[in-house]
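Close look at the chain arrangement
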Amino acid sequence: MSLQSDPLNRKELFLRACRGEVVPRLPVWMMRQAGRYLPEYREIRAKHAFLEVCKTPDLALEVSMQPFRRLGVDAVIVFSDILIPAEAMGLKLELGDTGPNLPEPVRSEADVQKLRVFDPESETGFLMEAIRKIVREVGPTVPVLGFAAAPWTLACYMVEGRTKEGFATVKNFLYHDPGAFETLLFKIAQATVGYLKAQIAAGAAAVQLFDTWCGELSLADYETYALPAVREVITRIDREVPVIYYTKASHHLLPAIAHSGADVLSVDWRINLREAREMLGPRTALQGNVDPAVLFGPPENIRKATLDAAGALGGVGHILNLGHGILPGTPVENALLFIETGQKAELPEAKPAVRSR
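Residues numbered from 1 in each chain as written. Predicted model: local features only at pLDDT ≥ 70, side-chain atom pairs only at ≥ 80, totals over all residues. Heavy atoms only, no water.

The next thing to look at is the packing of aromatic side chains. For the structure on display, the rule yields 8 aromatic pairs. Summarising the aromatic geometry, the rings of Phe-147 and Phe-210 are spaced 5.6 Å apart at their centres and angled 85 degrees between planes, so their arrangement reads as edge-to-face. Here the residue Phe-147 occupies a position in strand β2 (residues 144–149), and Phe-210 occupies one in strand β3 (residues 206–211), the gap between them amounting to 63 residues. Across this residue pair, the class does not change: Phe-147 and Phe-210 are buried. (Phe/Tyr/Trp six-rings, centres within 6.5 Å; stacked < 30°, edge-to-face > 60°. Helix = DSSP H or I, 4+ residues; strand = E, 2+ residues; numbered from the N terminus. Buried < 20%, exposed > 50% of the residue type's maximum accessible area, 1.4 Å probe, protein only.)

Structure representation (structure tokens):
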């Protein structure tokens, strides 16, 4: 199907997929689509530090728009980082291509009490201005996406100080002082609510919560600690826009994740989309889930993986995406092949799921 024949514009297409409706073709975008695989991004980063790009609206606008111009993706996600709220809550933040560093991590109840719930316009107004600029740039027919870390994932960074396998320090805090850790999660949730509301007010057509590290938890611990904080965020933000909830390595958590309240669940490549639909039911829209490493392979492999994912749900309630962010070093032509193949995939006739809000 040619894009020129689409009866819906990109924004209408995206929002219908979020609502679980039948669409003439799948909307397609990629997590981390503005990044190091693009030469134009690397040119900007050669002149500007990562945080400088995040905090300079004109630079964030330019980087956010690069994959839209180059690849024709169906959604533009604002360029930022999930740790921006940690800095606004009072932690020192260092960010670069080698990963994040929070040199003064949260390790006690006293540290939790020092954290502040910030005013998003005064403390992170650069992000809201970037969103407003992107919305003006793309106009009313392209969805602009905002995002934040889910409370558990942001807590992992705030306690550990950086990414570490297993997050032993985080779990040590959790198990030895669960009350203080719950306070941390709900303080993050409170800050995240205001942060996402401000993004929606700036023009975001949908927002995504990234829970990259929830798969480190058992089902019991997820239900006890992470899920209530996620629900707190989702139930308190403006539900006039869809909420997408991304979870990684989370197959064992899906029965609980289904109760998050999110409109769309974004899953990684470890989960079979048909199995997820059977488990979650027809009223839950799904996003995903091609393995980003597939984009390093030959074109025939990329086409097959993309078409397999595109056809998994019959074009109902499905946003095609990778199962995680696109990897640095991915050939641009392979990223383009993924986008174009997904957008042109022939979909079977299907009946819409019945959705209730």
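Now that the structure has been shown, the text picks up again.
In this section: unusual backbone geometry. In the segment running from Gly-288 into Asn-289, the intervening peptide bond is cis, with an omega of 0 degrees. The topology assignment puts Asn-289 in the loop between β6 (285–287) and α14 (299–311). Even without being a glycine, Arg-32 presents a positive backbone phi close to 60 degrees. Locating Arg-32 in the fold gives a position in the loop between α1 (10–18) and α2 (39–45). Judged by relative accessible area, Arg-32 falls into the partly exposed class, the value being 46%. A positive phi angle, close to 50 degrees, is found at Ala-249, a residue other than glycine.

Attention now moves to the confidence of the model for the protein chain. When pLDDT is averaged along the protein chain, the result is 94; 96% of the residues meet or exceed 70. Within the model, pLDDT remains below 50 along residues 1–5, and this stretch shows 9 contacts once partners closer than five positions in the same chain are excluded. (pLDDT = per-residue confidence, 0-100. Contact = heavy atoms within 4.5 Å.)

Relative orientation of the contacting elements helix α7 (residues 120–138) and helix α10 (residues 178–202) amounts to 30 degrees, with a least axis distance of 8 Å. At the point where α7 passes α10, the crossing takes the right-handed sense. Judged by residue contacts, Pro-120, Thr-124, Leu-127, Met-128, Ile-131, Arg-132 and Val-135 of α7 engage Gly-194, Tyr-195, Ala-198, Gln-199 and Ala-202 from α10. Residues that form the contact of α7 with α10 fall into these classes: 8 nonpolar, 3 polar and 1 charged. (Axes fitted to C-alpha atoms, helices over the stretch in contact; angles between N-to-C directions. Left-handed = near helix turned anticlockwise from the far one by under 90°. Nonpolar A, V, L, I, M, F, W, Y, C, P; charged D, E, K, R; others polar.)

Here the focus is the sheet that holds β3. Picture the strands of a sheet paired through backbone hydrogen bonds; they go either parallel or antiparallel. Judged by pairing direction, the sheet is parallel, and its 7 strands sit side by side in the order β1-β2-β3-β4-β5-β6-β7 without closing on themselves. This sheet does not close on itself; its edge strands, each paired only once, are β1 (76–77) and β7 (318–319). Direction of pairing for strand β4 (residues 243–247) relative to strand β5 (residues 264–267): parallel, over a ladder of 4 bridges. In the strand pairing of β5, Tyr-245 is matched with Leu-265. (Pairing = 2+ DSSP bridges.)

Take the side chain of Asp-268 next. Structurally, Asp-268 can be placed in the loop between β5 and α13 (273–280). Of note is the side chain of Asp-268, whose polar atom sits 2.7 Å from the backbone nitrogen of Ala-249. Beyond its immediate chain neighbours, meaning those up to four positions away, Asp-268 contacts Tyr-246, Thr-247, Lys-248, Ala-249, Asn-289 and Gly-323. (Polar contact = N/O pair within 3.5 Å; in protein donor to acceptor, adjacent residues only side chain to side chain.)

What follows deals with the environment of Gln-66. Relative to the helices and strands, Gln-66 resides in helix α4 (residues 57–71). For the pair Gln-66 and Val-76, spaced 10 residues apart in the sequence, the C-alpha separation amounts to 9.3 Å. Among all residues touching Gln-66, those that are not within four sequence positions of it are Leu-38, Glu-40, Tyr-41 and Ile-44.

Let us look at α7. In a regular helix each residue adds 1.5 Å, so 19 residues correspond to 27 Å; α7 covers only 24 Å between its end C-alpha atoms and thus falls short of that length. Of all bends in α7, the biggest is about 60 degrees, found at Phe-126. When we look at burial in α7, the residues that qualify are Pro-120, Thr-124, Gly-125, Phe-126, Leu-127, Met-128, Ala-130, Ile-131, Ile-134 and Val-138. On its buried face, α7 is in contact with α3 (50–55), α4, β1, α5 (84–88), β2 and α10. Just beyond α7, the residue with positive phi is Gly-139, at close to 80 degrees. (Expected span 1.5 Å × (residues − 1). Bend = angle between axes of the 7 residues up to and from the residue.)

Of all hydrophobic cores here, the largest spans 140 residues; its most connected members are Phe-14, Met-30, Trp-152, Met-158, Phe-181, Tyr-222 and Phe-338. By residue number, the principal contributor to this core is α10, which donates 13 residues. Leave out the neighbours within four places in its chain, and Tyr-222 touches Asp-211, Cys-214, Leu-217, Leu-227, Pro-228, Tyr-245, Leu-253, Ala-256 and Ile-257. (Core = buried A, V, L, I, M, F, W, Y, C linked by side-chain atoms within 4.5 Å.)

Scanning all chains against the criterion turns up 15 salt bridges. Between Arg-16 and Glu-21 there is a salt bridge whose closest N-O contact spans 3.9 Å. Taking relative accessible area as the criterion, Arg-16 reaches 32% and is therefore assigned partly exposed. Between Glu-129 and Arg-136 there is a salt bridge, with the nearest N and O atoms lying 3.5 Å from each other. You can call Glu-129 partly exposed: its relative accessible area is 24%. A relative accessible area of 56% means that Arg-136 is categorised as exposed. The structure contains a network of salt bridges with shared partners spanning Glu-121, Glu-129, Arg-132 and Arg-136. (Salt bridge = Lys/Arg side-chain N within 4 Å of Asp/Glu carboxyl O.)

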